[in-house]
Amino acid sequence: QVQLVESGGGLVQPGGSLRLSCAASGSIVSINAMGWYRQPPGKERELVATVTSGGSTNYADSVKGRFTISTNNAKNTVDLQMNSLKPEDTAVYYCNAEIRRLYAGDFRDYWGKGTLVLVTS
């Protein structure tokens, strides 16, 4: 009943930019936080950036100064602007959201299916 759909991934050259978008839909009462995680080839999933409903942001050290996370609370969307991309940024990027559903008293983590970002020359 809740879905997260990512878009915007693709192939880019080092130094290029991409903007990822994620839209949450379904029986949503409120969203406490949204974020982006990534899983490089052969590695475990890691945090990229998160933003709370109050606007507080958190970034992995590896992306600080290059990536910017933003959210539109009215539309239940979150974007990730990625600049100065490096080959090390190559990964499947996943959207995450802490969502309270109808008739639920707690928040639960939901995940998108992922979108591939390939940074290569």
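These notes cover the structure that comes with them.

A word on the pairing of strand β11 (residues 115-119). With burial as the criterion, only one face of β11 is covered, namely that bearing Thr115, Val117 and Val119; the residues Leu116 and Leu118 on the opposite face remain uncovered. Two elements, strand β2 (residues 10-12) and β11, share 3 bridges in a ladder whose sense is parallel. Pairing of leucine 11 across the sheet is with leucine 118, part of β11. As judged from the 3 bridges shared by strand β9 (residues 91-101) and β11, these two strands associate in the antiparallel manner. Within the sheet, the bridge partner assigned to tyrosine 93 lies in β11 and is threonine 115.

This part is about the sheet that holds strand β8 (residues 77-82). Read from one edge of the open sheet, 4 strands run β1-β3-β8-β7, paired in antiparallel fashion. The sheet is open, and its two borders are formed by β1 (2-7) and β7 (67-72), each paired with just one other strand. Here the strands of the sheet are splayed against their neighbours by 15° on average, with no regard to which way each runs. Summarising the sheet, β7 and β8 pair through 6 bridges and their orientation is antiparallel. If you follow phenylalanine 67 over to β8, its bridge partner there is methionine 82.

Attention now goes to the nonpolar core. Core analysis: the biggest nonpolar cluster contains 31 residues, and Trp36, Leu80, Met82, Tyr93 and Ile99 have the highest contact counts within it. Elements with a contribution of two residues or more to this core: β1, β3 (18-26), β4 (28-39), β5 (46-52), β7, β8, β9 and β11. If one sorts the elements of this core by residue count, β9 sits on top with 5 residues. Look past the residues within four positions of methionine 82 in its chain and what remains in contact with it is Gly16, Ser17, Leu18, Leu20, Arg66, Phe67, Tyr93 and Val117.

Turning our attention to the state of the cysteines. For the coordinates displayed, the defined rule picks out 1 disulfide. Bridging cysteine 22 to cysteine 95, the disulfide has an S-S length of 2.0 Å. Of note, the bridge from cysteine 22 to cysteine 95 carries an S-S torsion of about -85° and is left-handed in sense. One end of the pair, cysteine 22, is in strand β3; the other, cysteine 95, is in strand β9, and 73 residues separate them in sequence.

Here is what the cut-offs are and how they apply
Residues numbered from 1 in each chain as written. Predicted model: local features only at pLDDT ≥ 70, side-chain atom pairs only at ≥ 80, totals over all residues. Heavy atoms only, no water. Buried < 20%, exposed > 50% of the residue type's maximum accessible area, 1.4 Å probe, protein only. Helix = DSSP H or I, 4+ residues; strand = E, 2+ residues; numbered from the N terminus. Pairing = 2+ DSSP bridges. Axes fitted to C-alpha atoms, helices over the stretch in contact; angles between N-to-C directions. Core = buried A, V, L, I, M, F, W, Y, C linked by side-chain atoms within 4.5 Å. Contact = heavy atoms within 4.5 Å. Disulfide = S-S within 2.5 Å.

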